[in-house]
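# Chains, contacts and geometry: an overview
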Amino acid sequence: LAKTTQPISMDSYEGQEVNITCSHNNIATNDYITWYQQFPSQGPRFIIQGYKTKVTNEVASLFIPADRKSSTLSLPRVSLSDTAVYYCLVVHTGTASKLTFGTGTRLQVTL
Amino acid sequence: EAGVTQFPSHSVIEKGQTVTLRCDPISGHDNLYWYRRVMGKEIKFLLHFVKESKQDESGMPNNRFLAERTGGTYSTLKVQPAELEDSGVYFCASSHTSDFGQGVINYGYTFGSGTRLTVV
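Here we summarise the structure given alongside this text.

Quick notes on the rules
Residues numbered from 1 in each chain as written. Chains lettered and ligands numbered in written order. Predicted model: local features only at pLDDT ≥ 70, side-chain atom pairs only at ≥ 80, totals over all residues. Heavy atoms only, no water. Helix = DSSP H or I, 4+ residues; strand = E, 2+ residues; numbered from the N terminus. Rg over C-alpha atoms; globule rule 2.2 N^0.38 Å. Buried < 20%, exposed > 50% of the residue type's maximum accessible area, 1.4 Å probe, protein only. Contact = heavy atoms within 4.5 Å. Areas by Shrake-Rupley, 256 points an atom, 1.4 Å probe, with all protein chains shown as cover. Lys, Arg positive; Asp, Glu negative; His and termini not counted. Charge placed at Lys NZ, Arg CZ, Asp CG, Glu CD.

With that settled, the discussion passes to the overall build of chain B. Assigned secondary structure in chain B consists of zero helices and 11 strands. Each helix and strand of chain B, placed in order from N terminus to C terminus, yields the pattern β-β-β-β-β-β-β-β-β-β-β. Scaling as 2.2 N^0.38, a compact globule of 120 residues should have a C-alpha radius of gyration of about 14 Å, and chain B matches this with 14 Å. Along the first, second and third principal axes, the C-alpha atoms of chain B reach 50 × 30 × 30 Å. Within chain B, the fraction of its 120 residues that count as buried is 45%. Across chain B, the fraction of contacts at a sequence separation of at least 24, relative to all contacts at a separation of at least 6, is 53%. Carbon and sulfur atoms form 48% of the exposed surface of chain B, whose accessible area is close to 6200 Å². Here chain B carries 12 positive and 13 negative side-chain charges, and the mean point of each set is 5 Å from the other.

Residue and element names in this part refer to chain B. Take Gly59: it is sitting in the loop between strand E6 (53–56) and strand E7 (65–68). Each C-alpha atom, one on Gly59 and one on Val38, is 13 Å from the other, the two residues being 21 residues apart in sequence. In contact with Gly59, not counting residues within four places along its chain, are Phe45 and Leu46.

Dropping the structure here:
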């Protein structure tokens, strides 16, 4: 599976939009991108996933350029409760195989 | 629906003792996974069950770790004897897949809250 690289940490103020970019240069044709959020003392929680272009749900948006070598998770108007670790993962389509986690991005939101 | 449940949430044991972690997946999820994060490291895959069968156990660190999923429902992960380096958080996840003849469709992974294991 393609290795992912994302910033180790980010800081933001409450109310701002946060964009976390992940690179996955070796992504394969039948791979998709998925993002998970993890709070302390909890397991990772699915946020959003996509294959190409843009995906939006009630929590976030995911932007994937045409070459699919990177993706950007966008969190609109973050609040203190969005402080968490965000993981970008590449998953093989059509399988139930394991997830490979990287370091994740630790987002700290302050007032 | 109930999520993935793990028990206990915390466990402190002495080196050399045995500990058994339990995971109850979401009902109907054939796939069950164990992961762990040791201090300062990334979350690492341990193994994957499909129903009661071990599909992939490439991440099991050594033969002190034994995972079972009798009947294809809940799973246990036993560490015997425990060593200091086994300390960490053990996560369980489950997923549901369907095969409509054009490939497997995975409906996503749901994680439990983890078991924090401390070996002293």
